[in-house]
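Coordinate inspection notes
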Amino acid sequence: MLKALFFDMDETLCDTAHANAVAKKLFASALHKQLGEGFDGAHVADEYVRGIYREWTEAEHARYMPIVEHEGEKAFRVQLIADLAQQYAGREIDSNAAAKLLDKFDSDRLKHFDFYPGIREFLIDAREYFTTVVITNGPEHSQLPKLAAVNMEDYVDYIIVGGQEPAQKPAASIFEKALGLAGCEAHEAIHVGDSLAADIAGAKNAKITSVWIQHQQPLDAELGIKPEHTLLHPNEIPALLLQLGGVRF
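Residues numbered from 1 in each chain as written. Predicted model: local features only at pLDDT ≥ 70, side-chain atom pairs only at ≥ 80, totals over all residues. Heavy atoms only, no water.

Across its full length, the protein carries ten helices and six strands. Computed over its C-alpha atoms, the radius of gyration of the protein comes to 20 Å, within 12% of the 18 Å expected for a compact globule of 249 residues. Along the longest, intermediate and shortest principal axes, the C-alpha atoms of the protein span 60 × 35 × 30 Å. Scored against the burial criterion, the 249 residues of the protein give a buried share of 48%. Taking as baseline every contact in the protein between residues at least 6 positions apart, the subset at least 24 positions apart corresponds to 62%. Surface summary for the protein: the accessible area is close to 12200 Å², and the carbon and sulfur share equals 49%. Averaging the positions of the 23 positive and the 38 negative side-chain charges in the protein gives two centres separated by 3 Å. (Helix = DSSP H or I, 4+ residues; strand = E, 2+ residues; numbered from the N terminus. Rg over C-alpha atoms; globule rule 2.2 N^0.38 Å. Buried < 20%, exposed > 50% of the residue type's maximum accessible area, 1.4 Å probe, protein only. Contact = heavy atoms within 4.5 Å. Areas by Shrake-Rupley, 256 points an atom, 1.4 Å probe, with all protein chains shown as cover. Lys, Arg positive; Asp, Glu negative; His and termini not counted. Charge placed at Lys NZ, Arg CZ, Asp CG, Glu CD.)

What follows is the structure in structure tokens.
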């Protein structure tokens with residue numbers, strides 16, 4: 001019997017890609033106002049997001065990780081903006097101006113961060129039948145503001161932030177914590193997420209039924225990670241629950 005629903009947040013319950021796209025467009029415009037024209041602001045915005053998502057080259061890791069560890073996340077992002085301005089615009093930017101740009105990006109992203117259509121209502125209904133838990137990877141400074149932006153605590157029973165735990169997804173420990181909070185066994189829960197490497201592998205590590213939100217991602221056979229269920233979009237979750245749990249939303 002299905003008793004608990006575990007969900008990833010970004011690109012599963014919430015349309016993070018849309019929020020990022022809007023924030024990047026506004027960031028590019030702000031860069032041009034700050035630094036002038038003559039460079040591809042959209043590309044710089046893309047590179048900024050790649051950087052804050054830690055999609056680093058080895059050289060970038062060597063440069064930025066010490067800053068993160070010794071001076072903090074904001075200092076890293078200020079330096080990242082300064083480096084990008086120099087690399088792509090050929091211009092220097094002082095730390096105060098860079099800090100204002102990163103604050104603007106964060107503010108714009110949060111303004112446009114929201115659930116996918118219908119998900120808020122689905123979560124309200126789902127709590128009548130299941131214990132619901134959000135398990136989101138990422139540091140507190142990134143995930144807590146997003147959780148607050150959608151008032152996530154009003155729509156699910158429990159929230160687990162990976163950055164507050166000893167290990168993040170795909171570690172089995174974070175799923176075991178969720179099972180403990182929900183008071184159920186692994187076979188009585190499902191986990192829904194968009195990342196094969198974090199969500200699906202993690203659910204499998206904990207012997208929880210996995211549901212992959214595919215969006216337009218290819219199934220990478222080389223990873224060897226096969227979800228039990230695949231959905232094209234989060235709006236298909238209610239129909240799956242009718243199939244698995246016999247509950248119509």
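Back to the text.
Attention now goes to the packing of aromatic side chains. Counted according to the given criterion, the structure contains nine aromatic pairs. Taking the centre distance of 4.8 Å and the plane angle of 20 degrees together, the rings of phenylalanine 27 and tyrosine 48 count as stacked. Taken together, the positions of phenylalanine 27 in helix H1 (residues 16-35) and tyrosine 48 in helix H2 (residues 41-52) put the pair 21 residues apart, joining distant regions of the chain. Between phenylalanine 115 and tyrosine 155 the ring centres are 5.5 Å apart and the planes differ by 80 degrees, which places this aromatic pair in the edge-to-face class. With phenylalanine 115 in the loop between helix H5 (95-111) and helix H6 (119-126) and tyrosine 155 in the loop between helix H7 (140-149) and strand E3 (158-161), this pair connects stretches of sequence that are 40 residues apart. For tyrosine 155, a relative accessible area of 16% corresponds to the buried category. Within the aromatic cluster, the residues linked to one another by ring pairs are Phe27, Tyr48 and Phe105. (Phe/Tyr/Trp six-rings, centres within 6.5 Å; stacked < 30°, edge-to-face > 60°.)

Attention shifts here to the layout of surface pockets. By volume, the largest pocket amounts to about 800 Å³. Lining the largest pocket are 31 residues; nearest its centre among them are Asp10, Tyr53, Asn137, Gln143 and Lys146. Those elements giving two or more residues to the lining of the largest pocket turn out to be H1, H2, helix H4 (73-89), H7 and helix H9 (196-205). The biggest single contributor to the lining of the largest pocket is H1, with five residues. A class-by-class count of the residues in the lining of the largest pocket yields seven nonpolar, ten polar and 14 charged. Its volume calculated, the second largest pocket comes out at about 180 Å³. Around the second largest pocket sit Glu73, Lys74, Arg77, Leu102, Asp106, Arg109, Leu110, His141, Ser142, Pro145 and Lys146, which together line it. In the lining of the second largest pocket, the residues fall into three nonpolar, two polar and six charged. (1 Å grid on protein atoms, 1.4 Å probe; cavity = no way out; pocket = protein on both sides within 12 Å on 5 of 7 lines; lining within 4 Å. Points joined across faces, edges and corners; volume = space filled by probe spheres on them. Nonpolar A, V, L, I, M, F, W, Y, C, P; charged D, E, K, R; others polar.)

Now for the packing of helix H3 (residues 58-71) against H4. Two elements in contact, H3 and H4, have axes separated by 7 Å at closest approach and are oriented at 145 degrees. Of H4, the residues touching H3 (which contributes Arg63, Tyr64, Ile67, Val68 and Glu71) are Glu73, Ala75, Phe76, Gln79, Leu80 and Asp83. Class assignment for the residues of the contact of H3 with H4 results in six nonpolar, one polar and four charged. (Axes fitted to C-alpha atoms, helices over the stretch in contact; angles between N-to-C directions.)

With that settled, consider the side chain of serine 142. Residue position: serine 142 is located in helix H7. Serine 142 gets classed as buried once you look at its relative accessible area, which sits at 15%. There is a polar contact of 3.1 Å between the side chain of serine 142 and the side chain of glutamine 143. (Polar contact = N/O pair within 3.5 Å; in protein donor to acceptor, adjacent residues only side chain to side chain.)

Taken in spatial order, the six strands of this open sheet run E3-E2-E1-E4-E5-E6, and their pairing is parallel. The open sheet has two free edges, formed respectively by E3 and strand E6 (229-231), since each of these has just one partner strand. Across the sheet, the mean angle from the axis of one strand to that of its neighbour is 20 degrees, orientation sign disregarded. The pairing of strand E5 (residues 209-213) with E6 spans three bridges and is classified as parallel. The residue bridging valine 211 from the neighbouring strand is histidine 229, located in E6. Helix-sheet contacts for H9 involve strand E4 (189-193) and E5, and the interaxial angle to E5 is about 165 degrees. (Pairing = 2+ DSSP bridges.)

Under the 1.5 Å per step criterion, the end-to-end length of H3 is 20 Å for 14 residues, consistent within 8% with the ideal 20 Å. The largest bend in H3 comes to about 30 degrees, at tyrosine 64, with the proline proline 66 one to four residues further on. Turning to H3, its buried residues are Glu60, Tyr64, Ile67 and Val68. Of the surrounding elements, those touching the buried residues of H3 are H2 and H4. (Expected span 1.5 Å × (residues − 1). Bend = angle between axes of the 7 residues up to and from the residue.)

Relative to the elements of secondary structure, aspartate 8 occurs in the loop between strand E1 (4-7) and H1. Assessed through its relative accessible area of 6%, aspartate 8 is described here as buried. Within the structure, aspartate 8 has its side chain in polar contact with the side chain of lysine 169 (distance 2.9 Å). Setting aside its immediate chain neighbours within four residues, aspartate 8 contacts Leu13, Ile135, Thr136, Lys169, His191, Val192, Gly193, Asp194 and Asp199.

This next bit is on the environment of glutamate 69. Tracing the chain through its elements places glutamate 69 in helix H3. Glutamate 69 sits 162 residues away from leucine 231 along the chain, and the two C-alpha atoms are 38 Å apart.

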